[in-house]
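# Architecture at a glance
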Amino acid sequence: VNEPETIEFSGLVQEAIELVQGRLQAASARMHMTCGTVWIRGDRRRLLEVVQNLIDNAAKFMGAQTQPQIEIGCSIEQPNGMGGFYVRDNGIGIAPEHHERIFGLFNKLDPQADGTGIGLAIVRRIIEFHGGRIRVESEPGRGATFHFTLPLANGSAEDGNQKSVVVSAARNHQ
């Protein structure tokens, strides 16, 4: 575990996007982020792993989507000094009976899919270590939204206004 530090959330997202750029380009996924300036506190390396995994999964499970989109958003209106965040996609979705199962160790819903089935288990563990929670809202064919909370740093938001930023992900795909 690394020492906790104060991290600007959109900077963390941009770093995660750079790490999964190949997957985003392969999926022709368009990224969109709706957040003002929000400061969180925690283990930067582990929180980067959370955001990277959620974005990577969103791109991986787009299916035959002709206009793949991934949206990342935040809201500082959470109790107990926590900020609310989400990663939403318009991919293949997840049946309700699997919503809890996907967070289990080695639980892959598609045995043919790339990966080991430990990503979301690690994501949940990191978020819970930071005092947060994670859950999914999804239906088959309607994409998925992963909602999670993380601790805010003191004076978290520079302004209460939400702004919309299109984050360049598929640089070679217009």
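Note: the structure precedes this text.
Presented here is an overview of the structure given in this document. (Residues numbered from 1 in each chain as written. Predicted model: local features only at pLDDT ≥ 70, side-chain atom pairs only at ≥ 80, totals over all residues. Heavy atoms only, no water.)

## Here we look at the overall build of the chain
The helix and strand inventory of the chain stands at four helices and eight strands. Overall, the chain shows an N-to-C arrangement of helices and strands of β-α-α-β-β-α-β-β-α-β-β-β. Counted over contacts in the chain with a minimum sequence separation of 6, partners at least 24 positions apart contribute 74%. Just so you have it, the chain exposes about 9300 Å², and 46% of that area is on carbon and sulfur atoms. (Helix = DSSP H or I, 4+ residues; strand = E, 2+ residues; numbered from the N terminus. Contact = heavy atoms within 4.5 Å. Areas by Shrake-Rupley, 256 points an atom, 1.4 Å probe, with all protein chains shown as cover.)

## Some details on the packing of helix 3 (residues 44-60) against helix 4 (residues 119-129)
Between two packed helices, the angle of one axis relative to the other and the distance separating the axes together describe the packing. Contact geometry for helix 3 and helix 4: axes closest at 9 Å, N-to-C directions at 145°. Crossing handedness for the pair helix 3 and helix 4: left-handed. Residue-level inspection shows Arg 46, Leu 47, Glu 49, Val 50, Asn 53, Leu 54 and Asn 57 of helix 3 in contact with helix 4, the latter providing Gly 119, Leu 120, Ile 122, Val 123, Ile 126 and Ile 127. (Axes fitted to C-alpha atoms, helices over the stretch in contact; angles between N-to-C directions. Left-handed = near helix turned anticlockwise from the far one by under 90°.)

## Brief notes about helix 4
Restricting attention to buried positions, one finds in helix 4 the residues Leu 120, Ala 121, Val 123, Arg 124, Ile 126 and Ile 127. The positive-phi residue at the C-terminal boundary of helix 4 is Gly 131, with phi of around 85°. (Buried < 20%, exposed > 50% of the residue type's maximum accessible area, 1.4 Å probe, protein only.)

## Digging into helix 3
The end-to-end C-alpha distance of helix 3 is 24 Å, a good match for the 24 Å that 17 residues give at a rise of 1.5 Å each. Within helix 3, burial applies to Leu 47, Leu 48, Val 50, Val 51, Asn 53, Leu 54, Ile 55, Asp 56, Asn 57, Ala 58 and Ala 59. Its side-chain oxygen 3.2 Å from the backbone nitrogen of Arg 45, Asp 43 forms the N-cap of helix 3. (Expected span 1.5 Å × (residues − 1). Polar contact = N/O pair within 3.5 Å; in protein donor to acceptor, adjacent residues only side chain to side chain.)

## Points about the packing of aromatic side chains
If you walk through the whole model with that rule in mind, you get two aromatic pairs. On the basis of an interplanar angle of 35° and a centroid distance of 4.3 Å, the ring pair of Phe 9 and Phe 85 is categorised as tilted. You can see Phe 9 sitting in helix 1 (residues 9-19) and its partner Phe 85 sitting in strand 5 (residues 82-89), a full 76 residues away along the chain. For Phe 85, a relative accessible area of 3% puts it in the buried group. Ring geometry for Phe 85 against Phe 148: centres 5.8 Å apart, planes inclined by 25°, an arrangement best described as stacked. On the criterion of sequence distance, the pair formed by Phe 85 in strand 5 and Phe 148 in strand 7 (residues 144-157) is long-range, its members being 63 residues apart. You can call Phe 148 buried: its relative accessible area is 2%. A connected cluster of aromatic rings, assembled from ring pairs, spans Phe 9, Phe 85 and Phe 148. (Phe/Tyr/Trp six-rings, centres within 6.5 Å; stacked < 30°, edge-to-face > 60°.)

## A closer look at the pairing of strand 5
Of all eight residues in strand 5, seven are buried; the element is thus mostly enclosed. Inspection of the sheet shows strand 4 (residues 69-75) paired to strand 5 by six bridges, in the antiparallel sense. By the bridge assignment, Ser 75 is partnered in strand 5 with Gly 84. (Pairing = 2+ DSSP bridges.)

## What to know about the pairing of strand 3 (residues 38-42)
In strand 3, alternate side chains face the same way, and those of Val 38, Ile 40 and Gly 42 are buried while those of Trp 39 and Arg 41 on the opposite face are not. Of the pairings in the sheet, the one linking strand 1 (residues 5-8) to strand 3 comprises four bridges and is antiparallel in character. Within strand 3, the residue paired with Ile 7 across the bridge is Ile 40.

## Digging into the nonpolar core
Judged by nonpolar contacts, the single largest core of 41 residues is most densely connected at Phe 9 and Ile 55. Broken down by element, the residue count for this core peaks at eight residues, all from helix 3. Those residues within four positions of Phe 9 in sequence are excluded, and the remaining contacts are Cys 35, Val 38, Ile 40, Val 51, Ile 72, Phe 85 and Phe 148. (Core = buried A, V, L, I, M, F, W, Y, C linked by side-chain atoms within 4.5 Å.)

## Details of the side chain of Asp 56
Of note, Asp 56 is situated in helix 3. Other than its neighbours up to four places away in sequence, Asp 56 contacts Val 20 and Arg 23.

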